[in-house]
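Here's the letter readout for the chains.
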Amino acid sequence: MTAVPTIGVLALQGDVREHARALEAAGARTLDVRRPEELDQVDGLVLPGGESTTMWRLARSFDLLEPLRKRIEAGLPVYGSCAGMIMLADRIRDGVAGQETAGGIDMTVRRNAFGRQVDSFESDVVLTGMGDVPYHAVFIRAPWVESVGDAVEVLGRTAPVPEGGPNAGRIVAVRQGRLMATAFHPELTGDFRVHHYFADLVRRTTAEE
Ligand code: GLN
């Protein structure tokens, strides 16, 4: 087992520094990834929050989209948060014309879904495999997952809240094999359980290979 895995953060755009800090707290070495050569060096990758349309366009112009798709197909562990969740979705709704993703998770994700009501939104989310204490999740112009295929494990949903409403009980954390995604931003709250979970997934993967 690689005690200290190297986990890249896609550094085209978005909150790269916060993820790097959280990953280091979870015992990983980090590397900013902007070029295919850097992608080749990592044991796992985080796709940060930001703006998925910009991330997609930059990934295209930096010639990273195809290499990223290939590494995902080859089994690279990848965690996507918010815009990064959109990047991992096989299907998106409310994307801009022609918007592409790297894909890999058999799910349909709706962009800016919570943002139809408010720009940001907070909810306590119980996350499977990450302890009993609910995660205080911060959503910023966040997507939600509208549907998942059979291979996808739902790790968390927004609280049902007594009054229900359009934001209640939405799928906001998923995993399919070595790929995982959250609609919220765990790098912002100081509670790094999601990063620990992902770093463990990367450690187990490198141990298997
Ligand atoms: N709304 C953004 C998008 O479509 C995601 C927002 C975020 O990552 N905080 O990419």
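Residues numbered from 1 in each chain as written. Predicted model: local features only at pLDDT ≥ 70, side-chain atom pairs only at ≥ 80, totals over all residues. Heavy atoms only, no water.

Draft legend 1. Region of interest: the overall build of the protein chain. Of regular secondary structure, the protein chain possesses six helices and 12 strands. In terms of overall dimensions, the protein chain is globule-like: its C-alpha atoms have a radius of gyration of 16 Å, near the 17 Å expected for 209 residues. When each of the 209 residues of the protein chain is scored for burial, the buried share is 51%. Looking at the protein chain alone, contacts between residues at least 24 apart form 65% of all its contacts between residues at least 6 apart. For the protein chain, the accessible surface area stands at approximately 8900 Å², while carbon and sulfur atoms represent 49% of it. (Helix = DSSP H or I, 4+ residues; strand = E, 2+ residues; numbered from the N terminus. Rg over C-alpha atoms; globule rule 2.2 N^0.38 Å. Buried < 20%, exposed > 50% of the residue type's maximum accessible area, 1.4 Å probe, protein only. Contact = heavy atoms within 4.5 Å. Areas by Shrake-Rupley, 256 points an atom, 1.4 Å probe, with all protein chains shown as cover.)

Draft legend 2. Summary view of unusual backbone geometry. At Cys82, a position not held by glycine, the phi torsion is positive, near 60 degrees. Checked against the element boundaries, Cys82 lands in the loop between strand S4 (78-81) and helix H5 (83-88). The phi angle at Asn112 is positive, at roughly 50 degrees, despite the residue not being glycine. If you trace the backbone, Asn112 turns up in the loop between strand S6 (105-110) and strand S7 (120-125). Owing to a relative accessible area of 32%, Asn112 belongs among the partly exposed residues under this scheme.

Draft legend 3. Looking closely at the nonpolar core. Core analysis: the largest hydrophobic core is formed by 65 residues, its most contacted members being Met107, Phe139, Phe184 and Phe198. Per-element tally for this core: the top contributor is helix H6 (residues 193-208), with six residues. (Core = buried A, V, L, I, M, F, W, Y, C linked by side-chain atoms within 4.5 Å.)

Draft legend 4. Expanded view of the site of the ligand. Every residue close to the ligand is listed here: Gly49, Gly50, Glu51, Ser52, Cys82, Ala83, Ile86, Arg111, Asn112, Ile140, Arg141 and His185. Note that an oxygen atom of the ligand is positioned 2.4 Å from one of the backbone N or O atoms of Ser52. At a separation of 3.0 Å, a nitrogen atom of the ligand approaches a polar backbone atom of Ile140. When the ligand sits alone it has 300 Å² of accessible area, and the protein chains cover 97% of it. More than half of the atoms belonging to the ligand lie within 2 Å of the grid points that define the largest pocket. (Near = heavy atom within 4 Å. Polar contact = N/O pair within 3.5 Å; in protein donor to acceptor, adjacent residues only side chain to side chain. 1 Å grid on protein atoms, 1.4 Å probe; cavity = no way out; pocket = protein on both sides within 12 Å on 5 of 7 lines; lining within 4 Å. Sits in = over half its atoms within 2 Å of the grid points.)

Draft legend 5. Summary view of helix H1 (residues 16-25). Taken together, the buried positions of H1 are Val16, His19, Ala20, Ala22 and Leu23. Buried residues of H1 fall within an arc of 165 degrees about the axis and therefore sit on the same side. Next to the buried residues of H1 lie strand S1 (6-10), strand S2 (29-33), strand S3 (44-47), S4 and H6. One or two positions beyond H1, positive phi appears at Gly27, with a value near 90 degrees. (Arc of directions from axis to C-beta.)

Draft legend 6. Representation of the environment of Thr101 within the structure. Tracing the backbone through its elements, the reader meets Thr101 in the loop between strand S5 (89-93) and S6. Put simply, Thr101 and Gly84 are 17 residues apart on the chain and 9.4 Å apart in space, counted from C-alpha to C-alpha. In contact with Thr101, not counting residues within four places along its chain, are Leu65, Arg69, Ile86, Met87, Ala89 and Ile92. A polar contact of 3.4 Å, which involves the side chain of Thr101, links it to the backbone nitrogen of Gly103.

Draft legend 7. Expanded view of the pattern of salt bridges. Inspection of the entire model under this criterion finds 16 salt bridges. Residue Arg34 pairs with Asp32 through a salt bridge whose shortest N-O separation is 3.7 Å. Owing to a relative accessible area of 22%, Asp32 belongs among the partly exposed residues under this scheme. The partner of Arg178 in a salt bridge is Glu209, and the shortest N-O contact between them spans 3.0 Å. With Arg178 in the loop between strand S11 (171-176) and strand S12 (179-182) and Glu209 in the segment after H6, this residue pair connects regions lying 31 residues apart in the sequence. Note on Arg178: relative accessible area 24%, which makes it partly exposed. The class for Glu209 is exposed, based on a relative accessible area of 65%. One network of salt bridges, in which partners are shared, links Arg60, Glu66, Arg69 and Glu100. (Salt bridge = Lys/Arg side-chain N within 4 Å of Asp/Glu carboxyl O.)

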